[in-house]
Amino acid sequence: MRLAVPVGVTVVALFSVGAYLLGRPPDPAPLPEGAVRLSLRAMPPEWSLPGFPKGCPLAGLVPLRLMRGDESIYFEAADSAEQVPVVFPFGLTARLVADRAELVSPAGAVIAREGDVVSGFMGSSADNGDFILCFDAAADLHVTPASTGVP
């Protein structure tokens, strides 16, 4: 009986630590040498229970063109050049590499570059007019590279 209590406490502690590590949000990708971090509107980190997918109400967004401001990136509707207020999930980042802005996944993969048009963004609209993006199994992004005239 004396051994059962410490073993039980150890099992609970290990389970708790494992659940925390598996459910924590992804860390943003490290900044490569020579790159400059750009500001990106993103949600704060959210913990989720491992094994339970996080869902969100999904609606499609018009194709968007990735643009660069002074020290940030923003998006315009590809067909009207109207700025669209987009908020990304935690972990995605923006950076400037060789004088061109990039949107980067937590794994370090470039999703889109300055001037590219991205279609397939999914998410939901917030009360303030922002579009909160959600990346899950339903998200199927398509990127049309910018023309050669874009820096």
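Right above here is the structure, for reference.
Bear in mind that the values here come from a model prediction, so they are computed numbers and not experimental data.

Rules used in this analysis
- Residues numbered from 1 in each chain as written.
- Predicted model: local features only at pLDDT ≥ 70, side-chain atom pairs only at ≥ 80, totals over all residues.
- Heavy atoms only, no water.
- Pairing = 2+ DSSP bridges.
- Helix = DSSP H or I, 4+ residues; strand = E, 2+ residues; numbered from the N terminus.
- Axes fitted to C-alpha atoms, helices over the stretch in contact; angles between N-to-C directions.
- Buried < 20%, exposed > 50% of the residue type's maximum accessible area, 1.4 Å probe, protein only.
- Salt bridge = Lys/Arg side-chain N within 4 Å of Asp/Glu carboxyl O.
- Contact = heavy atoms within 4.5 Å.
- Phe/Tyr/Trp six-rings, centres within 6.5 Å; stacked < 30°, edge-to-face > 60°.

Asks: Outline the sheet that holds strand β7 (residues 93–97), supporting the account with residue identities and numerical values.
Replies: The 4 strands lie next to each other as β1-β7-β8-β9, forming an open sheet whose pairing is antiparallel. Strands with a single pairing partner mark the edges of an open sheet, and in this sheet they are β1 (36–38) and β9 (110–113). The mean inter-strand angle of the sheet, taken between neighbouring strand axes irrespective of direction, is 35°. Where strand β8 (residues 100–104) meets β9, 3 bridges bridge the pair, whose relative direction is antiparallel. Opposite Glu102, over in β9, you have Arg113 as the bridge partner.

Asks: Now, about the pairing of β7: what can you tell me, with residues and values included?
Replies: Counting buried residues in β7 gives 4 out of 5 residues, a clear majority hidden from the surface. Here 3 bridges tie β1 to β7, and the two strands are oriented antiparallel to one another. Residue pairing in the sheet places Arg37 in a bridge with Arg95 of β7. With 5 bridges joining them, β7 and β8 adopt antiparallel strand pairing. What sits directly across from Leu96, in β8, is Ala101.

Asks: I'd love a proper account of unusual backbone geometry, names of residues and values included.
Replies: Backbone geometry at Ala81 places phi at a positive 65°, although glycine is not the residue there. Secondary-structure assignment places Ala81 in the loop between β4 (73–77) and β5 (83–84). The phi dihedral of Ala98 is positive, around 55°, even though this residue is not glycine. With respect to the helices, strands and loops of the structure, Ala98 is situated in the loop between β7 and β8.

Asks: Kindly report on the pattern of salt bridges, identifying the contributing residues and their values.
Replies: In the structure shown here, the tally under the stated rule is 6 salt bridges. Here Arg100 makes a salt bridge to Asp116, at a shortest N to O gap of 3.4 Å. Of the two residues, Arg100 is situated in strand β8 and Asp116 in the loop between β9 and β10 (117–119); the sequence distance between them amounts to 16 residues. Close ionic contact of Glu102 with Arg113 constitutes a salt bridge, the shortest N to O distance being 3.2 Å. Of the two residues, Glu102 sits in strand β8 while Arg113 sits in strand β9, which places them 11 residues apart along the sequence. Residue Glu102 is classed as buried on the basis of its relative accessible area, which comes to 7%.

Asks: Describe in detail the side chain of Ser105, supporting the description with residues and values.
Replies: Locating Ser105 in the fold gives a position in the loop between β8 and β9. Classification of Ser105 as buried rests on a relative accessible area of 14%. Not counting residues within four places of it along the chain, the set of residues in contact with Ser105 comprises Ala29, Gly91, Leu92 and Ile111.

Asks: Break down the packing of aromatic side chains for me, citing the residues and quoting the values.
Replies: Centre-to-centre distance and the angle between the planes together describe a pair of aromatic rings. Using the criterion set out here, one finds 3 aromatic pairs in the structure. Their ring planes at 45° and their centres at 5.5 Å tell us that Phe75 and Phe88 sit as a pair that is tilted. Within this pair, whereas Phe75 is found in strand β4, its partner Phe88 is found in the loop between β6 (86–87) and β7, the two being separated by 13 residues in sequence. Phe88 shares its class with Phe75; the two are buried. With a centroid separation of 6.0 Å and 85° between ring planes, the pair formed by Phe75 and Phe121 is classed as edge-to-face. Here Phe75, found in strand β4, pairs with Phe121, found in the loop between β10 and β11 (122–125); they are 46 residues apart in sequence, far enough to count as distant. When sorted by exposure, Phe75 lands in the same class as Phe121, which is buried. Aromatic ring contacts, followed pair by pair, group Phe75, Phe88 and Phe121 into a single cluster.

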